Amino acid sequence: QVQLVESGGGLVQAGGSLRLSCEASGRIFSINAMGWYRQAPGNQRELVAAIASGGTTNYADSVKGRFTISRDNAKNTVYLQMNSLKPEDTAVYYCNAELFTRSRPYDRESYWGQGTQVTVSS
């Protein structure tokens, strides 16, 4: 099986910064895309940022220019640097990976982390 573990969440004042990390481990054959999603109370889950294996990125309009996604392929880790945080960024942030396992190397599957809370106070 595959596990994704997020870390780096916490409480920060508006205008502050946080850096989230997510490490994938287990029976991984290869990882395609990795991304960050968030869900606030009463809201639907939304894509925050994604990064492909080749390094191309995609951001939600609400975070463009403030957040930066990156990955370390050697460590199977994806990061989300969050600057100029706003109260509306408050949510549980989830790491996602689209990958192939060693047992099913021809079928791409989606895996999720447990989530990490980010709270931004005004």
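In the block above lies the structure referred to throughout.
Please read all numbers here as calculations on a predicted model, not as lab measurements.

Engineer: Lay out unusual backbone geometry in plain terms, naming residues and giving numbers.
Structural biologist: Phi is positive for Asn-76, close to 50°, though the residue is something other than glycine. Along the chain, the position of Asn-76 falls in the loop between strand E7 (67–72) and strand E8 (77–82). Its relative accessible area of 27% is what places Asn-76 among the partly exposed residues. We note that Ser-84 has phi near 50°; this positive angle belongs to a residue other than glycine.

Engineer: Describe the environment of Arg-66, listing the residues and the values that go with them.
Structural biologist: Structurally, Arg-66 can be placed in the loop between strand E6 (57–59) and E7. By relative accessible area, which is 11% here, Arg-66 ends up buried. Excluding anything up to four places from it in sequence, Arg-66 contacts Gln-81, Met-82, Asn-83, Ser-84, Leu-85, Lys-86 and Asp-89. Polar contacts involving the side chain of Arg-66 include one to the main-chain carbonyl oxygen of Ser-62, which spans 2.9 Å.

Engineer: Which residues make up the state of the cysteines, and what values go with them?
Structural biologist: Between two cysteines, a covalent bond joining their sulfur atoms is known as a disulfide. According to the stated counting rule, one finds 1 disulfide in the structure shown. The partner cysteine of Cys-22 in its disulfide is Cys-95, sulfur to sulfur 2.1 Å. Judged by the torsion about the S-S bond (-85°), the Cys-22/Cys-95 disulfide is left-handed. One end of the pair, Cys-22, is in strand E3 (residues 18–26); the other, Cys-95, is in strand E9 (residues 91–101), and 73 residues separate them in sequence. Owing to a relative accessible area of 0%, Cys-95 belongs among the buried residues under this scheme.

Engineer: Could you give an account of the packing of aromatic side chains, naming the residues involved and the relevant values?
Structural biologist: Per the stated rule, a full pass over the model turns up 1 aromatic pair. Residue placement shows Arg-19 over the ring face of Tyr-79; its charged tip is 4.1 Å from the ring centre. The ring of Tyr-37 carries the charged tip of Arg-45 above its face, separated from the ring centre by 5.0 Å.

Engineer: Explain the nonpolar core residue by residue, including any values.
Structural biologist: In terms of nonpolar packing, the biggest core is built from 31 residues, with Trp-36, Leu-80, Met-82 and Tyr-93 touching the most fellow members. Those elements that provide at least two residues to this core are strand E1 (2–7), E3, strand E4 (28–39), strand E5 (46–51), E7, E8, E9 and strand E11 (116–121). When residues of this core are assigned to their parent elements, the largest contribution, 5 residues, is made by E9.

Engineer: Before we move on, could you go through the pairing of E9 and cite the residues and values that matter?
Structural biologist: Judged from the 9 bridges that link them, E4 and E9 form a sheet pairing that is antiparallel. From the neighbouring strand, Arg-38 faces E9, where its bridge partner is Tyr-93. By the bridge criterion, 4 bridges tie E9 to strand E10 (residues 109–112) in an arrangement that is antiparallel. If you follow Glu-98 over to E10, its bridge partner there is Ser-110.

Engineer: So what's going on with the side chain of Arg-38? Residues and values would help.
Structural biologist: Tracing the backbone shows Arg-38 in strand E4. A relative accessible area of 6% means that Arg-38 is categorised as buried. At 2.7 Å, the side chain of Arg-38 forms a polar contact with the side chain of Glu-46. One polar contact links Arg-38 to Asp-89, side chain to side chain, over a distance of 3.0 Å. Not counting residues up to four positions away in its chain, the partners in contact with Arg-38 are Gln-44, Arg-45, Glu-46, Val-48, Ser-62, Val-63, Phe-67, Glu-88, Asp-89, Ala-91, Val-92 and Tyr-93.

Rules and cut-offs
- Residues numbered from 1 in each chain as written.
- Predicted model: local features only at pLDDT ≥ 70, side-chain atom pairs only at ≥ 80, totals over all residues.
- Heavy atoms only, no water.
- Helix = DSSP H or I, 4+ residues; strand = E, 2+ residues; numbered from the N terminus.
- Buried < 20%, exposed > 50% of the residue type's maximum accessible area, 1.4 Å probe, protein only.
- Contact = heavy atoms within 4.5 Å.
- Polar contact = N/O pair within 3.5 Å; in protein donor to acceptor, adjacent residues only side chain to side chain.
- Disulfide = S-S within 2.5 Å.
- Phe/Tyr/Trp six-rings, centres within 6.5 Å; stacked < 30°, edge-to-face > 60°.
- Lys NZ or Arg CZ within 6 Å of the ring centre and 35° of its normal.
- Core = buried A, V, L, I, M, F, W, Y, C linked by side-chain atoms within 4.5 Å.
- Pairing = 2+ DSSP bridges.

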